[in-house]
There are 2 protein chains.
Amino acid sequence: MTTSRPLPTAVVLLSGGLDSCVTLAMAIEQGFQPAALHVNYGQRTQDRELQAFHDICDHYGIDRRTNRLVVDISHLAAIGGSSLTDQRLDVPNSGVVADHIPNTYVPFRNANILAIGTSWAEVIGASALFIGAVQEDSSGYPDCREEFFHAFQAVITAGTKPGTTIVIQSPVIHHTKADIVQEGLRLAAPLHHTWSCYQASESACGTCDSCQLRLRGFAMAGEVDPIPYASPCA
Amino acid sequence: MTTSRPLPTAVVLLSGGLDSCVTLAMAIEQGFQPAALHVNYGQRTQDRELQAFHDICDHYGIDRRTNRLVVDISHLAAIGGSSLTDQRLDVPNSGVVADHIPNTYVPFRNANILAIGTSWAEVIGASALFIGAVQEDSSGYPDCREEFFHAFQAVITAGTKPGTTIVIQSPVIHHTKADIVQEGLRLAAPLHHTWSCYQASESACGTCDSCQLRLRGFAMAGEVDPIPYASPCA
């Protein structure tokens, strides 16, 4: 008779975008049982991102009752300061990685999300917390940099019960978008279920910074993005 | 003609308890314009604590529309793991500061609250973030220790926009409860509006750990606690 040890659990932050989907695939490849966390924060494409989250979870057979957590932190929209949550501000379509932080930055969003993920990880005994942040080839948000995650790791160590070990893993932090696309294809991740557009929910706009970064990633990987685009430029 | 410079703004985390009320009084004494943040997290005495928050804010004339923020993070109750949010667990009445972390610990709660406070501080341009955490003479929660706040300070520095300066201030961290009572009286803080009880909302129970710590603080300060208690022991 053989017994199998249960897989270690990892909380995986899953926005429903390309980066988080591939990060989930990498966590599973590493042998973790995923507990997927999704956060609504009053962003423009909230409903579409939630659908992408559930589609990706369904693809991987992640139990809806026990291993998915959807949290509402719409106070980030009430606090404001970002074009993603404030309809009065335009989402930029610069098409390039800017030399300043664009107004799509949601102040300190990732600290809010990591805090929730750590609370959940501590209660369910997860040993890792995966986040699909990308430092280069991104919009330059301060809370997407490796330095930020190192600092947050120290907060987890100091602020959880003795004996708790939760390690932040950001396996695509130094990947280009093209690397991420190729890694996703290698792992047969359901990229057709992902959603990255900042402003549209039917067909991706193809023009916002997030769409342009994504499209460039597919182009540089020599692959075709499987999701629908509205823009003739895409 | 004289012009007065506007006061610097501080976000003050105001649960409505004794420690946060005195911390608010200290922030005001230091010359800050307070922006008061209150968090409902599905705790047993949520409504009573919210009332205490507004009573204290009213006392100090803190503008309800512009300078108060009430946030719901009831996902901490959904995540569970604490007797403060899970009615199936008993709130302990040990009456002593335990040598282990009691089940009233809400996993990583203060990181969640500090993250919200930092988001707000970054958007409104506040230069300080006050929290009334107490390290000694407390229940030993890991996220109430100075080491935790030092670590979180590094996260704020790394994770906010360049040029942002938000300093965590925890002025009562090394105070005893008696010190806090005396400081509150010196500053004429509205201690009669505060609420500390973990489990009752009409008259404080007088028996939970929080009531006992508070009552001992008043006793050691040689003062009478102005709030009503149900227990004949109080």
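Since the model is a prediction, treat every value here as computed from it, not as a measurement.

Asker: An account of the overall build of chain A is needed here, citing residue identities and associated values.
Answerer: Secondary structure assignment for chain A yields 7 helices and 5 strands. Sequence-ordered secondary structure for chain A, helices as α and strands as β, is β-α-β-α-β-α-α-β-α-β-α-α. A compact globule built from 234 residues should have a C-alpha radius of gyration of about 17 Å, and chain A, at 17 Å, falls within 12% of that. Taken along the three principal axes of its C-alpha coordinates, chain A extends 60 × 40 × 30 Å. With 234 residues in all, chain A has 59% of them scored as buried.

Asker: Give me the relation of the copies chain B and chain A: which residues, what numbers.
Answerer: Superposing chain B onto chain A requires a rotation of 180° together with a translation of 0.0 Å along the rotation axis, leaving an RMSD of 0.0 Å. On this basis, the relationship between the two copies can be described by a two-fold rotation axis. When C-alpha distances to the rotation axis are compared across chain B, the minimum falls at Asn112(B), with a value of 3.0 Å. Here 100% of the interface residues in chain B have copies in chain A that are interface residues too; the copies meet face to matching face.

Asker: Outline helix H6 (residues 177-186) of chain A, supporting the account with residue identities and numerical values.
Answerer: Residue and element names in this part refer to chain A. Those residues of H6 that fall on the buried side of the exposure criterion are Lys 177, Ala 178, Ile 180, Val 181, Glu 183 and Gly 184. Residues of H6 that are buried in the fold lie against helix H1 (18-29) and helix H7 (209-221). Note on H6: the residue one or two positions beyond its end, Ala 188, has a positive phi of about 55°.

Asker: Lay out the interface of chain B and chain A in plain terms, naming residues and giving numbers.
Answerer: At the junction of the two partners, chain B supplies 37 residues and chain A supplies 37 residues. Summing the contributions of chain B and of chain A, the shared interface buries around 2,800 Å²; its carbon and sulfur component is 76%. Here chain B and chain A share 0 salt bridges between them. Summed over the shared surface of chain B and chain A, the result is 14 residue pairs in polar contact (both at pLDDT 80 or more). Residue composition of the side of chain B that touches chain A, by class: 23 nonpolar, 8 polar and 6 charged.

Asker: Kindly report on H7(A), identifying the contributing residues and their values.
Answerer: Because each turn of an α-helix spans 3.6 residues, side chains separated by three or four positions in sequence point in the same direction. Residues and elements named next belong to chain A. For H7, spanning 13 residues, the distance from its first C-alpha to its last is 18 Å, which sits close to the expected 18 Å at 1.5 Å a residue. As for H7, its buried residues are in contact with H1 and H6. Within two residues after H7, Gly 222 carries a phi angle of roughly 70°, on the positive side.

Asker: Give a description of the nonpolar core that names residues and reports values.
Answerer: One finds Phe152(A) and Phe152(B) to be the most contacted residues of the largest nonpolar core, which totals 103 residues. In contact with Phe152(A), other than residues within four places in its own chain, are Ala111(A), Leu114(A), Ala115(A), Thr118(A), Ile168(A), Phe108(B) and Val155(B).

Asker: Break down the pattern of salt bridges for me, citing the residues and quoting the values.
Answerer: Following the criterion strictly, the structure yields 12 salt bridges over all chains and no others. For Arg214(A), the salt bridge goes to Asp225(A), with nearest N and O atoms at 2.7 Å. Of the two residues, Arg214(A) is situated in helix H7 and Asp225(A) in the segment after H7; the sequence distance between them amounts to 11 residues. The two residues Arg214(A) and Asp225(A) agree in class, both being buried. Where Arg68(B) meets Asp58(B), a salt bridge forms, and the shortest distance between an N and an O atom there is 2.6 Å. Of the two residues, Arg68(B) is situated in strand S3 (residues 68-72) and Asp58(B) in helix H2 (residues 46-59); the sequence distance between them amounts to 10 residues. Classification of Arg68(B) by relative accessible area gives buried; the value is 10%. The network of salt bridges with common partners includes Glu29(A), Glu183(A) and Arg186(A).

Asker: Lay out unusual backbone geometry in plain terms, naming residues and giving numbers.
Answerer: Of note, Ala188(A) is a non-glycine position whose phi angle comes to about 55°, a positive value. In this structure Ala188(A) comes out as exposed when scored by relative accessible area, which is 53%.

Asker: Tell me what's going on with the sheet that holds strand S1 (residues 9-13) of chain A, and back it up with residues and numbers.
Answerer: Think of a sheet as strands paired side by side through backbone hydrogen bonds, with each pair either parallel or antiparallel. Residue and element names in this part refer to chain A. The 5 strands are arranged S3-S2-S1-S4-S5 in an open sheet whose pairing can be described as parallel. The open sheet terminates on both sides in strands that have one partner only, identified here as strand S3 (68-72) and strand S5 (167-169). On average, adjacent strands in this sheet sit at an angle of 25° to one another, irrespective of strand direction. Strand contacts of helix H5 (residues 146-159): strand S4 (128-130) and S5, with the helix running at about 155° to S5, the strand carrying the most contacts.

Conventions and cut-offs
- Residue positions within a chain follow its written sequence, with the count starting from 1.
- The naming scheme follows written order: chains are lettered A onward, ligands numbered 1 onward.
- Totals for whole chains, interfaces and linings use every residue, but because this is a predicted model, local features are given only for residues with pLDDT of at least 70 and side-chain atom pairs only at 80 or more, for both listing and counting.
- In computing side-chain values, all of the structure's heavy atoms are included and hydrogens and water are not.
- Think of it this way: any DSSP run of H or I at least four residues long counts as a helix, any run of E at least two long counts as a strand, and we number them from the N terminus.
- Radius of gyration means the value over C-alpha atoms here, while the globule rule gives 2.2 Å times the residue count to the 0.38 power.
- Whether a residue is buried, partly exposed or exposed follows from its accessible area with a 1.4 Å probe, protein chains only, as a fraction of its type maximum: under 20%, in between, or over 50%, in that order.
- Copy-to-copy alignment: least squares on C-alpha atoms, limited to residues at pLDDT 70 or above in both.
- In what follows, residue pairs with any heavy atoms lying within 4.5 Å of each other are defined as contacts.
- The quantity reported as buried area is the accessible area (1.4 Å probe) lost by two parts once they are put together, taken as the sum for both.
- Think of a salt bridge as a Lys or Arg side-chain nitrogen and an Asp or Glu carboxyl oxygen that are within 4 Å of each other.
- What qualifies as a polar contact is a pair of N or O atoms within 3.5 Å, subject to a donor-acceptor requirement within protein and to the restriction that residues adjacent in sequence count only when both atoms come from side chains.
- Polarity classes work like this: nonpolar for Ala, Val, Leu, Ile, Met, Phe, Trp, Tyr, Cys and Pro, charged for Asp, Glu, Lys and Arg, and polar for all others, with Gly in that last group.
- Expected span of a helix: the number of residues minus one, times 1.5 Å.
- Working definition of a nonpolar core: buried Ala, Val, Leu, Ile, Met, Phe, Trp, Tyr and Cys residues. They are joined through side-chain atoms within 4.5 Å.
- Two strands make a pair as long as DSSP finds a minimum of two bridges between them.
- Axis lines are fitted to C-alpha atoms, over the contacting stretch for helices. Their N-to-C directions set the angle, which ranges from 0 to 180 degrees.

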